[in-house]
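The lines below spell out each chain.
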Amino acid sequence: MRKLGLIGGMSWYSTELYYARINKQVVKRTGGTCNAPLVLESLNFCDIAKATSDQDWDHVAEVLIAAAQRLEVAGATAILICANSMHKVYERVEQAVSIPLIHIADAVGTKMKADGVQSAALLGTANVMAENWYRQRLVKHGVTLMPAEMDDVQDLDRIIYEELMLGQVKRESERTLKTIITEIDQEGIKAVVLGCTELCMIVDTKANVLPIYDSTEIHADAGVEWILGDAS
């Protein structure tokens, strides 16, 4: 099996989900005989949280590049950045290492294309929902995305940064997400992408009015494919 590197801590709650999902899937696919060979760089999110200015994002890039380079030195043969929003600096990190960096939106887009999904709504932090860098990556896989509703953007950004990244799961926020997804369904959209690695903490991905594409689970599974040699 190939060793996989994880850049986590953004937040550690979602990093825990990655670690558990990858190991459970490797155990399942090897008949219960193996664990996943992993190297983890768990960052202090205080150093890079809520980046807004170009200068902030330059700092984020520097932190992630250093983490990726340490993972490569430690023997990782590919890397996952365990956060959707941090993929804003994906290209800069990719250029700084000689091993593959598996993009979370590509993993989601590939699965949606395989499932024949042509339209979806994207939910996540403000920079994921409202900026083009993430949306364009999904659109390249043939998915038409519903325009972001700014009221939803503000609600979700608050829930993610003020609750989920602190490990807080509130019933009111669960209801907010149910309402948003129901409204999306009423507009005729065929699927929902959870473009935040913490949103699965308050969205039941297996029992909903629409198919839910959980970026955390899908990205982790792409890592499993790499570990087992099923991805190039």
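Given the structure is predicted, the values throughout are model-derived calculations rather than measurements.

### Details of the overall build of the protein chain
Secondary structure summary: the protein chain contains nine helices and seven strands in total. Over its C-alpha atoms the protein chain spans a radius of gyration of 17 Å, differing by no more than 12% from the 17 Å that the globule rule assigns to 232 residues. With the principal axes as the frame, the protein chain shows a C-alpha extent of 50 × 45 × 35 Å. For the protein chain, the proportion of its 232 residues judged to be buried stands at 50%. Of the roughly 10800 Å² that the protein chain leaves accessible, carbon and sulfur atoms contribute 48%.

### Digging into the sheet that holds strand E5 (residues 144-145)
Pairing in this open sheet of four strands is parallel, and the strands run E5-E4-E6-E7 from one edge to the other. This sheet does not close on itself; its edge strands, each paired only once, are E5 and strand E7 (212-214).

### Re the domain arrangement of the protein chain
Taken domain by domain, the protein chain holds domain 1 (4-103 + 218-228) and domain 2 (105-214). Computed over C-alpha atoms only, the centres of domain 1 and domain 2 are separated by 21 Å. Tallying the contact residues gives 21 residues for domain 1 and 27 residues for domain 2. Counting the surface lost from both domain 1 and domain 2, the interface buries some 1800 Å², and carbon and sulfur atoms represent 60% of this. When the buried surface of domain 1 facing domain 2 is broken down by residue, Asn84, His103 and Ile218 rank first, second and third, together holding 40% of it. Linking domain 1 to domain 2 there are two salt bridges. With a shortest N-O distance of 2.9 Å, Lys88 and Glu131 are connected by a salt bridge. Joining domain 1 to domain 2, the criterion identifies 13 residue pairs in polar contact (both at pLDDT 80 or more).

### Let's talk about the nonpolar core
Of all hydrophobic cores here, the largest spans 50 residues; its most connected members are Ile7, Met10, Leu64, Met86, Leu123, Ile184 and Leu199. The set of elements that each furnish at least two residues to this core consists of helix H2 (54-73), strand E3 (78-81), helix H3 (90-96), strand E4 (119-124), helix H7 (150-162), helix H8 (171-186) and strand E6 (192-195). In terms of residue count, H2 provides more of this core than any other element does, eight residues in total. Looking at this core, you find at least three residues from each of domain 1 (4-103 + 218-228) and domain 2 (105-214). In this structure, Leu199 is in contact with Leu123, Gly124, Leu156, Ile160, Leu164, Leu177 and Leu194, ignoring residues within four places of it in sequence. Ile22, Ile102, Val128 and Val193 belong to the second largest nonpolar core, which has 33 residues in total.

### Quick word on the state of the cysteines
Using the criterion set out here, one finds zero disulfides in the structure. Cysteine Cys82 remains unbridged, with the sulfur of Cys200 as its closest cysteine sulfur at 12 Å. Owing to a relative accessible area of 0%, Cys82 belongs among the buried residues under this scheme. Here Cys200 stays unpaired: no disulfide links it, and the sulfur of Cys196, its closest cysteine neighbor, is 8.3 Å away.

### With respect to the pattern of salt bridges
According to the stated counting rule, one finds 12 salt bridges in the structure shown. For Arg21, the salt bridge goes to Glu217, with nearest N and O atoms at 3.5 Å. A residue pair is termed long-range when its members are at least 10 positions apart, and Arg21 in helix H1 (residues 12-29) and Glu217 in helix H9 (residues 215-227) qualify at 196 residues. Using a relative accessible area of 25% as the deciding quantity, one classes Arg21 as partly exposed.

### Thoughts on the side chain of Ser173
Position of Ser173 relative to the elements: it lies in helix H8. Those residues in contact with Ser173 that sit more than four places away from it in its chain are Ile159, Glu163 and Ile202.

### Description of the packing of aromatic side chains
According to the stated counting rule, one finds two aromatic pairs in the structure shown. For the ring pair Trp133 and Tyr134, a centre distance of 5.6 Å and an interplane angle of 80° mean the geometry is edge-to-face. Residue Tyr134 is classed as buried on the basis of its relative accessible area of 0%.

Each value, and the rule that gives it
- Residues numbered from 1 in each chain as written.
- Predicted model: local features only at pLDDT ≥ 70, side-chain atom pairs only at ≥ 80, totals over all residues.
- Heavy atoms only, no water.
- Helix = DSSP H or I, 4+ residues; strand = E, 2+ residues; numbered from the N terminus.
- Rg over C-alpha atoms; globule rule 2.2 N^0.38 Å.
- Buried < 20%, exposed > 50% of the residue type's maximum accessible area, 1.4 Å probe, protein only.
- Areas by Shrake-Rupley, 256 points an atom, 1.4 Å probe, with all protein chains shown as cover.
- Pairing = 2+ DSSP bridges.
- Domains from an automatic or database assignment.
- Contact = heavy atoms within 4.5 Å.
- Buried area = accessible area lost by both parts, 1.4 Å probe.
- Salt bridge = Lys/Arg side-chain N within 4 Å of Asp/Glu carboxyl O.
- Polar contact = N/O pair within 3.5 Å; in protein donor to acceptor, adjacent residues only side chain to side chain.
- Core = buried A, V, L, I, M, F, W, Y, C linked by side-chain atoms within 4.5 Å.
- Disulfide = S-S within 2.5 Å.
- Phe/Tyr/Trp six-rings, centres within 6.5 Å; stacked < 30°, edge-to-face > 60°.

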